[in-house]
Amino acid sequence: MQTWIFQGNPDQFDIDAYLATSPAQLPWLVTRYAQQVEVGDRVFIWRTQGSAKKDAGIVAEATVVAPAMPRPESADAMPFWRGNAEAAAQVQPRALLRLNRIAGGKEVLRREWLAQDPVLNDLPNLKMAAGTNYPVTPQHAARLYALWSRTGQDWSRDESVAGLWAYAKTLGVPVSRLPGSPVVVVSQLIGRAIPGVYNKVMNFRSIDPRDARAGLAGSGVTDQRVWNEFFDPVANQLREADLEQEFNRLWMSTAGNAEPALDADAAQERAEAAARRLEDYDLDDLLARYHANLAVRPARPRASSATTRVYERDQLVIAIARKRAGHRCEVPGCAHPQFMAADGMPYCEVHHVIPLAEGGEDRIENAACLCPSHHREVHHGNQRSVIEAQLKELRAAHARGA
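Residues numbered from 1 in each chain as written. Predicted model: local features only at pLDDT ≥ 70, side-chain atom pairs only at ≥ 80, totals over all residues. Heavy atoms only, no water.

**Student:** An account of the packing of aromatic side chains is requested, with residue identities and associated values reported.
**Tutor:** Across all of its chains, the model carries twelve aromatic pairs by this definition. An angle of 5° between the planes, with centres 4.1 Å apart, marks the rings of Trp165 and Phe247 as stacked. Placement of Trp165 in helix H6 (residues 157-170) and of Phe247 in helix H10 (residues 240-251) is noted, with a sequence separation of 82 residues between them. Seen in terms of ring centroids, Phe339 and Tyr347 are 5.0 Å apart; in terms of plane orientation they differ by 10°. Their pairing is stacked. By relative accessible area, Phe339 is classed as partly exposed at 48%. Through a chain of ring-to-ring contacts, three or more aromatic side chains come together here, namely Phe13, Tyr18, Phe80 and Trp81. Between Arg177 and the ring centre of Tyr198, over which it is positioned, the NZ or CZ distance is 3.9 Å. Here the guanidinium or amino end of Lys200 rests over the ring plane of Trp155, the centre of that ring lying 4.7 Å away. (Phe/Tyr/Trp six-rings, centres within 6.5 Å; stacked < 30°, edge-to-face > 60°. Helix = DSSP H or I, 4+ residues; strand = E, 2+ residues; numbered from the N terminus. Buried < 20%, exposed > 50% of the residue type's maximum accessible area, 1.4 Å probe, protein only. Lys NZ or Arg CZ within 6 Å of the ring centre and 35° of its normal.)

Shown next, in the form of structure tokens:
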């Protein structure tokens, strides 16, 4: 599968307003490489700066669903043309795209970030801005997708640990953004833009009571928790050996991978958010979009592989948690019916009360047996905090022998 950058000029076409309509399909002019653009290829849509001086960069991601061939511009796109509408309406070689995701305001991959990235600073459209269609190398594609998957998303606990590591490595010295510096090392490991990692270092500077230099306000709850995890207020110092060990555990086992591992939960949450935005349209409109896609979208979707971050769980912890609970949900008063698993036991799932992704331990003291309904609710429901408190009290009572 090839990855492409398709570039559009907002002075000629109001790409932002058009994307805001969530079009079902986009015919996109292909002036170069028309014979090489194939169904299933990934396309990053690049908005140039234009006269309005908007941030240039990647604003959407799509999949090619029909190859380039002579096509007219779509009728729903014509009102957004600012240039010569007659020329735009002409039948020309266009590939048909299906939008996968449109960037929100904080999710645009800005040109200035990519220009300073050691992997992406030689992207072809950064050097030859006059064209419209550019193939990118597998290395470019992997880095772009890692950034595209994370930009605008809250930092996880594991990412915040990496940010704190970069802060500790630069404490008392100028914070460099040059290749090989702690900021750039972390950027490559976790799939974040270099300015984002730099800002995270500045966030920790603002938290550190020992550092009199100006930092950046805006650190979140996760950053404060990570700071508290590794800062010893009595000794007034970071436990740097513990931080180094945790950083190595989380990130150095994947060092050298072509593409940083993605957070599967974050990807699912992003997909759910996109689906909720689509639900703002009425059902008839959504059905019309669906039927419009049927002609070009295969009934059996193309399979692809991706690396995701997973934690190696102790099977003993899982077995003990289930047997300790008698294979029943441990949420007090649970009335959800349980079905029988293939082994004849009531089906249940083991949940970490403090999630592994938030620094929780894979120990029986941190495990609870839940029915599928409560397991989903504790991750996604509005009663999450209530259930978490109940499970923490349950484990605390168990530890006391109550």
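Now, onward.
**Student:** Tell me about the packing of H6 against helix H9 (residues 221-230), and please be specific about residues and values.
**Tutor:** Taken N-terminus to C-terminus, the directions of H6 and H9 make an angle of 60°; their axes are 9 Å apart at the nearest point. Comparing the axis directions of H6 and H9 gives the class oblique. For the crossing formed where H6 meets H9, the hand is right-handed. Residues Arg157, Ser160, Val161, Leu164 and Tyr167 of H6 pack against Thr222, Asp223, Val226, Trp227, Glu229 and Phe230 of H9. (Axes fitted to C-alpha atoms, helices over the stretch in contact; angles between N-to-C directions. Parallel < 35°, antiparallel > 145°, perpendicular 65-115°, else oblique. Left-handed = near helix turned anticlockwise from the far one by under 90°. Contact = heavy atoms within 4.5 Å.)

**Student:** I'd like a description of a nonpolar patch on the surface, backed by residues and values.
**Tutor:** Taken together, the side chains of Leu283, Leu287, Tyr290 and Leu294 define a hydrophobic patch exposed on the protein surface, amounting to about 410 Å² of accessible area. Mapped onto the secondary structure, Leu287 falls in helix H12 (residues 283-294). (Patch = residues over 30% accessible without salt bridge, like charges linked within 9 Å, V, L, I, M, F, W, Y side chains within 5 Å. Areas by Shrake-Rupley, 256 points an atom, 1.4 Å probe, with all protein chains shown as cover. Salt bridge = Lys/Arg side-chain N within 4 Å of Asp/Glu carboxyl O.)

**Student:** A description of the environment of Glu229 should follow, citing residues and the corresponding values.
**Tutor:** Along the chain, the position of Glu229 falls in helix H9. Separated by 83 residues in the primary sequence, Glu229 and Glu312 place their C-alpha atoms 22 Å from one another. Excluding residues that lie within four positions of it along the chain, Glu229 makes contacts with Arg157 and Arg239.

**Student:** Please set out the environment of Gln237 residue by residue, giving values where relevant.
**Tutor:** Tracing the chain through its elements places Gln237 in strand S9 (residues 237-238). Residues Gln237 and Pro209, 28 residues apart in the sequence, show an inter-C-alpha distance of 9.6 Å. With residues near it in sequence (within four places) discarded, Gln237 still touches Arg210, Phe230, Phe231 and Asp232.

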